[in-house]
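Summary of structural features
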Amino acid sequence: MVEGVTPPTKTELRAGVLRARRAVTDDCRNLEAQAICHWLPALVRRGQTVCAYVPVGSEPGSAAMLDTLSELGVRVLLPIARNDGDGRAMPMQWGEYVSGALVAAEFGLREPAPPWLPAGAIGDAAVVLVPALAVDRHGNRLGRGAGFYDRSLIYASPHARLVAVVRDDELVDALPADPHDVRMTHALTPSGGMVTLHS
């Protein structure tokens, strides 16, 4: 860091990443989504449980990512994000993915219809694919700031691979981190595939 230069805040970093993502063409985004699917067979094993997510907006990934996981014989759980009565993020519940059966949900998301599993169901997952705006090589993840994953990842198995899914240039050397942040163990990028992160 250059002396006298204040490092960017998480808010500033989020704004920068979102600006860059909006500039990505649909063709480029589709190619990156296909590349992410290409890496999945090396990431999971038949019979495992994998927590994933439905990409929204400019997030890396695609619906095909979920179908690919299902075709590989894994059980796919998707997050159910809700706020409490005071507007604070609650630990996420989980719903089993069935292709073509997602319903519209809060925050512009799509999710499985009920019944849902409790927050602790993430503990069954061998792999948790986590949406991220960026991740650094120490495992610090930059999310959107709502807090849903911070409140949910604490229930994950200590043996689970926590995988931040990002674009190639969103794997960076260093990010600001808070004490409550749960570190990622790996990153998944379109060009580099699975990258091990070090705490």
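We now turn to the structure provided with this report. Note that the structure is a prediction, hence the values are computed from the model and not measured. (Residues numbered from 1 in each chain as written. Predicted model: local features only at pLDDT ≥ 70, side-chain atom pairs only at ≥ 80, totals over all residues. Heavy atoms only, no water.)

1. Quick look at helix H1 (residues 10-22)
Short version of the rule: In DSSP terms, a helix is any run of H or I states spanning at least four residues, a strand is any run of E spanning at least two, and both are numbered starting from the N terminus. Working rule for helices: expected span equals 1.5 Å times residues minus one. We call a residue buried when its accessible area falls under 20% of the maximum for its residue type, exposed when it is over 50%, and partly exposed in between, using a 1.4 Å probe and counting protein chains only. It is the directions from the helix axis to the C-beta atoms whose arc is reported. Any two residues having at least one pair of non-hydrogen atoms within 4.5 Å are treated as being in contact.
Its 13 residues place the ends of H1 18 Å apart at the C-alpha level, agreeing with the 18 Å of an ideal helix rising 1.5 Å per residue. Those residues of H1 that sit buried are Lys-10, Arg-14, Val-17 and Arg-21. Each buried residue of H1 sits inside an arc of 70° when the element is viewed along its axis, so together they form one side. The exposed set on the far side of H1, more than 90 degrees from its buried face, consists of Thr-11, Arg-19 and Arg-22. As for H1, its buried residues are in contact with helix H2 (26-39) and strand E8 (141-142).

2. Considerations on the side chain of Arg-21
We count it as follows: Polar contacts, as used here, are pairs of N or O atoms within 3.5 Å; protein pairs need one atom able to donate a hydrogen and one able to accept it. Residues neighboring in sequence count only if both atoms are side-chain atoms.
Relative to the assigned elements, Arg-21 resides in helix H1. At a separation of 2.5 Å, a polar atom in the side chain of Arg-21 contacts the main-chain carbonyl oxygen of Ala-132. Setting aside residues no more than four positions away along its own chain, Arg-21 makes contact with Arg-29, Ser-58, Glu-59, Pro-60, Ala-132, Leu-133, Arg-167 and Glu-170.

3. Side note on the pairing of strand E9 (residues 161-165)
Side-chain positions along a regular strand alternate between the two faces of the sheet. Basically, it comes down to this: Two strands are said to pair when DSSP picks up at least two bridges between them.
A large share of E9 lies buried, amounting to 4 of its 5 residues. The pairing of strand E6 (residues 127-131) with E9 spans 5 bridges and is parallel. Residue pairing for E9: Val-128 is matched across the bridge by Leu-162. With 3 bridges connecting them, E9 and strand E11 (residues 186-189) associate as parallel partners. Each bridged residue has a counterpart across the sheet, and for Ala-164 the counterpart in E11 is Ala-187.

4. Topic: the pattern of salt bridges
Using the following cut-off: What counts as a salt bridge is simple: a side-chain nitrogen of Lys or Arg found within 4 Å of a carboxyl oxygen of Asp or Glu.
In this structure the tally under the stated criterion is 14 salt bridges. Between Arg-167 and Glu-32 there is a salt bridge, with its nearest N and O atoms 2.9 Å apart. Linking Arg-167 in the loop between E9 and strand E10 (171-172) with Glu-32 in helix H2, this pair joins segments that are 135 residues apart in sequence. Per residue, the accessibility class of Arg-167 equals that of Glu-32, and both read buried. The residue Arg-167 makes a salt bridge to Asp-169 at a minimum N-O spacing of 3.7 Å. Assessed through its relative accessible area of 12%, Arg-167 is described here as buried. Here Asp-169 falls in the exposed class, since its relative accessible area comes to 56%. Counted as one network, the salt bridges with shared partners bring together Lys-10, Asp-178 and Asp-181.

5. Concerning empty space enclosed by the protein
We count it as follows: Whether a set of points on the 1 Å grid over the protein atoms alone is a cavity depends on a 1.4 Å probe fitting there but being unable to get out, while an open set qualifies as a pocket with protein on both sides within 12 Å along at least five of seven lines; lining residues are those with an atom within 4 Å of a point. Grid points are joined across faces, edges and corners, and a volume is the space filled by probe spheres set on the points.
By the definition in use, this model includes 1 cavity of 30 Å³ or more. A volume near 60 Å³ is recorded for the largest cavity. Looking at the largest cavity, the residues that line it are Arg-21, Val-24, Arg-29, Glu-32, Ser-58, Glu-59, Pro-60 and Arg-167.

6. Some remarks on the sheet that holds strand E7 (residues 134-136)
Here 3 strands make up an open sheet; going across it, the order is E8-E7-E10 and the pairing mixed. The open sheet has two edge strands, E8 and E10, and neither has a second partner. Of the pairings in the sheet, the one linking E7 to E8 comprises 2 bridges and is antiparallel in character. Paired with Ala-134 across the strands is Leu-142, a residue of E8.

7. Brief notes about the nonpolar core
Stated formally: By nonpolar core we mean a set of buried residues, namely Ala, Val, Leu, Ile, Met, Phe, Trp, Tyr and Cys, connected to one another through side-chain atoms within 4.5 Å.
Counting 49 residues, the largest nonpolar core has Leu-69, Leu-129 and Leu-153 as its most contacted members. Mapped by element, the contributors of at least two residues to this core are H2, strand E1 (49-51), helix H3 (63-71), strand E2 (75-80), E6, helix H4 (148-152), E9 and E11. Apart from the residues lying within four places of it in its own chain, the contact partners of Leu-129 are Leu-40, Leu-43, Val-50, Cys-51, Ala-52, Tyr-53, Met-65, Leu-69, Tyr-149, Val-163 and Val-165. Val-17, Leu-133, Ala-134 and Leu-142 belong to the second largest nonpolar core, which has 5 residues in total.

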